[in-house]
Amino acid sequence: MICSQCGNDVAAGSAACPNCGAQLAGDASQPAPAPAGAPAGGATPAAAGQAFNFDLQRLGRNDLIAGVATLVLFITLFLPWFTALGQSVNGLYHGYMYITLIIALVLLAYLVLRAGFAQLPFNLPIKNEQLLLIGTAVNFVLTLISFVFKPAGGFGISIGWGVGAWLGLIAAIVAVVPEGLPFVRARTGR
């Protein structure tokens, strides 16, 4: 007989489980236990509380490239993007770059979840490639706009680009290329 609480094999006719102490009905018509590792009640593995086990092998090459480049882009938002007279401002100078910050965090969290679970604990309405393409493309466009439209000088003050702007632009390009290039090629037929 199988204990309904802990799944322990209990001798037939026992009143309580020796493992957990649960009271047993002593009914031999109890359903057969689920195979080891199978969730109870027909639930999906993710819904059954699948354990998080971080494994980068679950991510493809494009996922890794987009993830590392997005992480670099996220970091560059806090580096000097524009400099003038020894002063600098970070990548969040343009308020819309907070959108890039949020998208980068979402993409990174998504990739960590994909690496941590064999099956995601939720279903997405779009494919992985589409999600990465949309997120990295929006980040690229916002980063490019922020790079091109640097703050206005005035009174002969020259505004230059800082290291964060260059690294951020490069990271945004690298992040979008793995999914963006095949998308463009499919659309143009090249």
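Residues numbered from 1 in each chain as written. Predicted model: local features only at pLDDT ≥ 70, side-chain atom pairs only at ≥ 80, totals over all residues. Heavy atoms only, no water.

Chemist: If you had to explain the overall build of the chain to someone new, which residues and values would you point to?
Modeler: Scanning the chain for helices and strands turns up four helices and three strands. Listing the helices and strands of the chain from first to last along the sequence gives α-β-β-α-α-β-α. The proportion of buried residues among the 190 residues of the chain is 31%. Within the chain, contacts between residues separated by at least 24 positions form 63% of all contacts whose residues are at least 6 apart in sequence. Entry remark: accessible area of the chain is about 11400 Å², with carbon and sulfur atoms responsible for 65%. (Helix = DSSP H or I, 4+ residues; strand = E, 2+ residues; numbered from the N terminus. Buried < 20%, exposed > 50% of the residue type's maximum accessible area, 1.4 Å probe, protein only. Contact = heavy atoms within 4.5 Å. Areas by Shrake-Rupley, 256 points an atom, 1.4 Å probe, with all protein chains shown as cover.)

Chemist: Describe in detail the pairing of strand β1 (residues 80–84), supporting the description with residues and values.
Modeler: The pairing of β1 with strand β2 (residues 87–90) spans four bridges and is classified as antiparallel. Looking across to β2, one finds that T83 is bridged to S88. Hairpin geometry of β1 and β2 is characterised by an intervening segment of two residues between the two adjacent antiparallel strands and by a positive phi of about 50 degrees at L85. Bridge analysis of β1 against strand β3 (residues 160–161) gives two bridges, and the strand direction is antiparallel. For F82, the partnering residue across the bridge sits in β3 and is W161. (Pairing = 2+ DSSP bridges.)

Chemist: Go over the pattern of salt bridges with me, naming the residues and quoting the values.
Modeler: Pairing between side chains of opposite charge can happen when the charged atoms of each approach one another. A full pass over the atoms with the stated rule returns one salt bridge. A salt bridge links R114 to D63, with the nearest nitrogen and oxygen atoms 2.7 Å apart. Taken together, the residues R114 in helix α2 (residues 97–116) and D63 in helix α1 (residues 61–76) connect sequence positions 51 residues apart. D63 sits in the buried class, given a relative accessible area of 5%. (Salt bridge = Lys/Arg side-chain N within 4 Å of Asp/Glu carboxyl O.)

Chemist: An account of the packing of α1 against α2 is requested, with residue identities and associated values reported.
Modeler: A pair of packed helices is captured by two measures, namely the crossing angle of their axes and the spacing between those axes. At a minimum axis distance of 9 Å, the contact between α1 and α2 shows a crossing angle of 140 degrees. In the packing of α1 onto α2, the handedness of the crossing is left-handed. Counting all contacts with α1, which are made through D63, G67, T70, L71, L73 and F74, the residues of α2 involved are T100, L101, A104, L105, L107, L108, L111 and R114. (Axes fitted to C-alpha atoms, helices over the stretch in contact; angles between N-to-C directions. Left-handed = near helix turned anticlockwise from the far one by under 90°.)

Chemist: Outline the sheet that holds β2, supporting the account with residue identities and numerical values.
Modeler: Each strand in a sheet pairs with another by means of backbone hydrogen bonds, the pair being arranged parallel or else antiparallel. Strand order in the open sheet formed by three strands is β2-β1-β3, and the pairing between neighbours is antiparallel. The sheet terminates laterally at β2 and β3, the two strands that pair on one side only. Across the sheet, helix α4 (residues 163–188) is in contact with β1 and β3; its angle to β1 comes to roughly 145 degrees.

Chemist: Residues and numbers for the side chain of T143, please.
Modeler: With respect to the helices, strands and loops of the structure, T143 is situated in helix α3 (residues 128–148). Non-local contacts of T143, meaning those with residues more than four positions away in its chain, are made with L73, W81, M97, T100, G168, L169 and A172.

Chemist: Residue-level account of the packing of α2 against α3, with values.
Modeler: Where α2 meets α3, the closest approach of the two axes is 9 Å, and the angle between their N-to-C directions is 155 degrees. In terms of orientation, α2 lies roughly antiparallel with respect to α3. Considering how the two elements wind past one another, α2 and α3 form a crossing that is left-handed. Between α2 and α3, the residues in contact are M97, I99, T100, I103, A104, L107, Y110, L111 and R114 and N128, L131, L132, G135, T136, V138, N139, L142, T143 and S146, respectively. Along the lines of polarity and charge, the residues of the contact of α2 with α3 split into eleven nonpolar, seven polar and one charged. (Parallel < 35°, antiparallel > 145°, perpendicular 65-115°, else oblique. Nonpolar A, V, L, I, M, F, W, Y, C, P; charged D, E, K, R; others polar.)

Chemist: Can you break down the confidence of the model for the chain residue by residue, with the values?
Modeler: When pLDDT is averaged along the chain, the result is 82, and 78% of the positions lie at 70 or above. Every residue in residues 27–47 is under pLDDT 50, and counting partners more than four places away or in other chains gives 15 contacts. (pLDDT = per-residue confidence, 0-100.)

Chemist: Residue-level account of the side chain of H94, with values.
Modeler: Its location among the elements puts H94 in the loop between β2 and α2. Residue classification places H94 among the buried positions, given a relative accessible area of 12%.

Chemist: Can you tell me about the packing of aromatic side chains, naming the residues and giving the values?
Modeler: Tallied over the entire structure, the rule returns seven aromatic pairs. Residues F52 and F117 carry aromatic rings whose centres are separated by 5.3 Å and whose planes lie at 80 degrees to one another, so their mutual orientation is edge-to-face. Taken together, the positions of F52 in the segment before α1 and F117 in the loop between α2 and α3 put the pair 65 residues apart, joining distant regions of the chain. The class for F52 is partly exposed, based on a relative accessible area of 45%. (Phe/Tyr/Trp six-rings, centres within 6.5 Å; stacked < 30°, edge-to-face > 60°.)

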